[in-house]
Amino acid sequence: MSELDVERIEEFGFSSPQLVDLLVNYQKNITSDCDDLMRLLQEDSREVFMARLHAFKGMVSLFAKPSLVQSIAQIERDAQSFNSSFLMEHVLALQVKSERLKAQVQAYLLQIQ
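Residues numbered from 1 in each chain as written. Predicted model: local features only at pLDDT ≥ 70, side-chain atom pairs only at ≥ 80, totals over all residues. Heavy atoms only, no water.

Points about the packing of aromatic side chains
(1) Moving on: Under the defined criterion, the tally for this structure stands at three aromatic pairs.
(2) Moving on: Relative to Phe14, the ring of Phe12 lies with its centre 5.6 Å away and its plane at 10°, an arrangement referred to as stacked.
(3) Moving on: Since its relative accessible area comes to 36%, Phe12 is described here as partly exposed.
(4) Moving on: Measuring from ring centre to ring centre gives 5.0 Å for Tyr26 and Phe63, while their planes differ by 80°; the resulting arrangement is edge-to-face. Highlighted residues: Tyr26 in helix 2 (residues 16-42) and Phe63 in the loop between helix 3 (46-60) and helix 4 (66-78), separated in sequence by 37 residues. Assigned by exposure class, Tyr26 and Phe63 land together as buried. (Phe/Tyr/Trp six-rings, centres within 6.5 Å; stacked < 30°, edge-to-face > 60°. Buried < 20%, exposed > 50% of the residue type's maximum accessible area, 1.4 Å probe, protein only. Helix = DSSP H or I, 4+ residues; strand = E, 2+ residues; numbered from the N terminus.)

Structure representation (structure tokens):
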């Protein structure tokens, strides 16, 4: 299943060097933000977790397909109760999707370089 919205990337109209820089930073942010979400969930930092999850949704939505963004929105809704074990399952699933997105960005980068 593809998580990357290639059409959205191409709509930006960046030059190749600009696009490479943007996508490399996008990949780094996916990794660091996912790691932060897991850490915050383990620390039971509800308010910070919610804020970071919302920010992650915004960042990912730049180039992810709507289905991934909708998954994050569902986690936001479910997180209102902040049941850590329940959320842990969802965040682990989100990490898998995020890794897939990262790999697809890497494949796209290899095509344009």
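Now that the structure has been shown, the text picks up again.
Comments concerning the pattern of salt bridges
(1) Moving on: Using the criterion set out here, one finds seven salt bridges in the structure.
(2) Moving on: Residue Asp36 pairs with Arg39 through a salt bridge whose shortest N-O separation is 3.8 Å. Linking Asp36 with Arg39, this pair stays in helix 2, spanning three residues, or about one helical turn.
(3) Moving on: Note on Arg39: relative accessible area 37%, which makes it partly exposed.
(4) Moving on: Lys57 is the salt-bridge partner of Glu76, the closest N and O atoms lying 2.7 Å from each other. With Glu76 in helix 4 and Lys57 in helix 3, the pair connects residues that are 19 residues apart, well separated along the chain.
(5) Moving on: Classification of Glu76 as buried rests on a relative accessible area of 13%. (Salt bridge = Lys/Arg side-chain N within 4 Å of Asp/Glu carboxyl O.)

Quick word on helix 3
(1) Moving on: In this model, helix 3 (15 residues) spans 21 Å end to end at C-alpha, consistent with the 21 Å of a helix rising 1.5 Å per residue.
(2) Moving on: Regarding helix 3, the residues found buried are Phe49, Met50, Leu53, Phe56, Lys57, Met59 and Val60.
(3) Moving on: On its buried side, helix 3 packs onto helix 2, helix 4 and helix 5 (84-112). (Expected span 1.5 Å × (residues − 1). Contact = heavy atoms within 4.5 Å.)

Some remarks on a nonpolar patch on the surface
(1) Moving on: Among the surface-exposed residues, Phe12, Phe14 and Leu62 lie close enough to one another that they form a single nonpolar patch of about 240 Å² accessible area.
(2) Moving on: Mapped onto the elements, Leu62 comes out in the loop between helix 3 and helix 4.
(3) Moving on: By relative accessible area, which is 32% here, Leu62 ends up partly exposed. (Patch = residues over 30% accessible without salt bridge, like charges linked within 9 Å, V, L, I, M, F, W, Y side chains within 5 Å. Areas by Shrake-Rupley, 256 points an atom, 1.4 Å probe, with all protein chains shown as cover.)

In short, the description is geometric, and any link to function would need to be established separately.
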